[in-house]
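# Tertiary structure, described
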Amino acid sequence: MNIDTSTLLPAVAGTRLTPTADAGAGAGAGALGFAQWLERSLAETNTRLIAADQQVQRLALGETDNLHHVMIALEEAKLSFQLMVQVRNKLLEAYQDILRMQV
Amino acid sequence: MDYMAAFAISGSGMSVEKLRLDVTALNIANVHSTRGPEGTGYEPLQVISGARQAQLFRSVFAAESLRLAGGAEVLEVRTVGVAPRLVYEPNHPDADAAGFVAYPGINPVNEMVTLLAAMRAYEANVAAFNAAKTMALKALELGGNG
């Protein structure tokens, strides 16, 4: 029995695994996009760390009104930092994989 | 990161419950107050909270991800409007002509129930926050060696 999956799943039929022409043309822009994304994410993580630091400082000075806001800021900073660490781990892993490649 | 929305929602819930605890503590503290801030008797207060406008919206950076923004917020802190409890104490400086002193109509049992409910709701918000954090950390474990 022949089942045509493209008619059963119209959503799947629309997706293509092979790179299309415009995707190939945008490869250069994609590489730049990742660098930009990394830069922006690093800046965001840094901002969160600074914000958490300021919150703790304000807590020590007795200026903060809610303890849980400080804890939430700390958790956000921690989570952002751990995401950055994981991205760095994956990048380094990929780099070392390439380095170990037989030529 | 869309986990920040979950954190913000839990945080807003915690803020509301914290205020509820403050207001309940204020009521309990003033259970024997015969004079309020304006010279008249103390009026018991209660917190009215409501849902903040919750809406799903698409993120600017990732078109496929949907985010939920909202939470809870304090709508008002209003007086309950219960009649004062009249106690016959003719020697009290705040006694009226008939010798009755007007104590605020605070029911300590109700206040304790409100206190416990606020505490449990706060704990539930912390649990939701921790669940979101655990989920985020689990997502970071994807592809790991462990």
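See the structure printed just above.
Model, not experiment: these values are computed from the prediction.

### Re the pattern of salt bridges
- Counted by the stated rule, this structure contains 11 salt bridges over all chains.
- Here Glu63 of chain A makes a salt bridge to Arg58 of chain A, at a shortest N to O gap of 4.0 Å.
- Its relative accessible area of 37% is what places Arg58 of chain A among the partly exposed residues.
- Here Asp22 of chain B makes a salt bridge to Lys18 of chain B, at a shortest N to O gap of 3.2 Å. Of the two residues, Asp22 of chain B and Lys18 of chain B both sit in helix H1 (residues 3-29), four residues apart, roughly one turn of that helix.
- Judged by relative accessible area, Lys18 of chain B falls into the partly exposed class, the value being 29%.
- Taken together, the shared-partner salt bridges connect Glu44, Arg48 and Glu76 of chain A into one network.

### A closer look at helix H2 (residues 108-140) of chain B
- In a regular helix each residue adds 1.5 Å, so 33 residues correspond to 48 Å; H2 of chain B covers 48 Å between its end C-alpha atoms and thus fits that length.
- Within H2 of chain B the residues assigned to the buried category are Glu111, Ala118, Asn125, Phe129, Ala132, Lys133, Ala136 and Leu140 of chain B.
- Buried residues along H2 of chain B sit against helix H5 (67-99) of chain A together with H1 of chain B.

### Quick word on the interface of chain B and chain A
- Across the contact, 18 residues belong to chain B and 16 residues belong to chain A.
- Counting the contacts that link chain B with chain A gives one salt bridge.
- Between Lys133 of chain B and Glu75 of chain A there is a salt bridge, and its shortest N-O distance comes to 3.6 Å.
- Our count for the chain B to chain A interface comes out at three residue pairs in polar contact (both at pLDDT 80 or more).
- When residues of the side of chain B that touches chain A are traced back to their parent elements, those giving at least two are H1 and H2 of chain B.
- Here the side of chain B that touches chain A gets seven residues from one element, more than from any other, and that element is H1 of chain B.

Reading the values: the criteria
Residues numbered from 1 in each chain as written. Chains lettered and ligands numbered in written order. Predicted model: local features only at pLDDT ≥ 70, side-chain atom pairs only at ≥ 80, totals over all residues. Heavy atoms only, no water. Salt bridge = Lys/Arg side-chain N within 4 Å of Asp/Glu carboxyl O. Buried < 20%, exposed > 50% of the residue type's maximum accessible area, 1.4 Å probe, protein only. Helix = DSSP H or I, 4+ residues; strand = E, 2+ residues; numbered from the N terminus. Expected span 1.5 Å × (residues − 1). Contact = heavy atoms within 4.5 Å. Polar contact = N/O pair within 3.5 Å; in protein donor to acceptor, adjacent residues only side chain to side chain.

Limitation: the analysis is restricted to geometry and does not speak to function.
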